[in-house]
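Next come the chains, spelled out residue by residue.
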Amino acid sequence: MISTNKRSLSKSLRNALFIASNGVCQNCGKPIDETFHADHIVPYVISKQTNVHRMQGLCPVCNLRKGSKTNHVSVKVNGVEK
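Residues numbered from 1 in each chain as written. Predicted model: local features only at pLDDT ≥ 70, side-chain atom pairs only at ≥ 80, totals over all residues. Heavy atoms only, no water.

Section: the overall build of the chain
Across its full length, the chain carries three helices and six strands. Written out in order from the N terminus, the α and β elements of the chain read β-α-β-α-β-β-α-β-β. Taking all 82 residues of the chain together, 32% fall into the buried category. Of the roughly 5,600 Å² of accessible surface on the chain, 52% is carried by carbon and sulfur atoms. (Helix = DSSP H or I, 4+ residues; strand = E, 2+ residues; numbered from the N terminus. Buried < 20%, exposed > 50% of the residue type's maximum accessible area, 1.4 Å probe, protein only. Areas by Shrake-Rupley, 256 points an atom, 1.4 Å probe, with all protein chains shown as cover.)

See the structure below:
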């Protein structure tokens, strides 16, 4: 698994995320291109992890609408609910 503790994405991680997203926005289902947004499902400020399993490819419209929200009611980081 390609993973990093950095918020930025390497080219290989970005390519892997595009493939994992099947080339479509994971929110609205529209096709995405090279301008897609790599979104942390759980905001980076909480998870401190950047990897394909914690991210999703979103079209710019959906990602900008989402902002720093998460669909999770609560998140556990190192056993602590946040």
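So much for the structure itself; the text now carries on.
Considerations on the side chain of S21
Tracing the backbone shows S21 in the loop between α1 (11–20) and β2 (37–40). The exposure class assigned to S21 is buried, which follows from its relative accessible area of 2%. Other than its neighbours up to four places away in sequence, S21 contacts Q26, I32, Q56 and G57. (Contact = heavy atoms within 4.5 Å.)

A few points about the pairing of strand β4 (residues 55–58)
Sheet faces and side chains relate simply in a regular strand, where the side chains alternate between the two faces. In β4, alternate side chains face the same way, and those of M55 and G57 on one face and Q56 and L58 on the other are all buried. Inspection of the sheet shows β2 paired to β4 by four bridges, in the antiparallel sense. Across the sheet, A38 pairs through a bridge with G57, a residue of β4. (Pairing = 2+ DSSP bridges.)

Some words on the state of the cysteines
Applying the stated rule across the entire model yields zero disulfides. C28 supplies the cysteine sulfur nearest to C25, a cysteine that is in no disulfide, at a spacing of 3.7 Å. (Disulfide = S-S within 2.5 Å.)

Considering the packing of aromatic side chains
Under the defined criterion, the tally for this structure stands at one aromatic pair. For the ring pair F18 and F36, a centre distance of 5.7 Å and an interplane angle of 45° mean the geometry is tilted. Here F18 is found in helix α1, whereas its partner F36 is found in the loop between α1 and β2, with 18 residues between them in sequence. Residue classification places F36 among the buried positions, given a relative accessible area of 4%. A cation over a ring is seen here: R14 above F36, with NZ or CZ 4.1 Å from the ring centre. (Phe/Tyr/Trp six-rings, centres within 6.5 Å; stacked < 30°, edge-to-face > 60°. Lys NZ or Arg CZ within 6 Å of the ring centre and 35° of its normal.)

Observations regarding the nonpolar core
Nonpolar side chains tend toward joint burial in soluble globular proteins. Among the nonpolar cores identified, the biggest contains eight residues, and these are L17, C25, I32, F36, M55, L58, C59 and C62. Dropping the residues within four chain positions of it, C62 is found in contact with C25, N27 and C28. (Core = buried A, V, L, I, M, F, W, Y, C linked by side-chain atoms within 4.5 Å.)

Details of the confidence of the model for the chain
Across the chain, pLDDT averages 80, with 72% of residues at or above 70. In the predicted structure, residues 72–79 sits below a pLDDT of 50 and forms twelve contacts with residues beyond four places in sequence or in another chain. (pLDDT = per-residue confidence, 0-100.)

Regarding unusual backbone geometry
Located in the positive-phi region is N22, a residue other than glycine, with phi close to 55°. In this fold, N22 is placed in the loop between α1 and β2. Residue classification places N22 among the exposed positions, given a relative accessible area of 66%. A positive phi angle, near 55°, is found at K48, a position not held by glycine. Summarising the element assignment, K48 is placed in the loop between α2 (44–47) and β3 (50–51).

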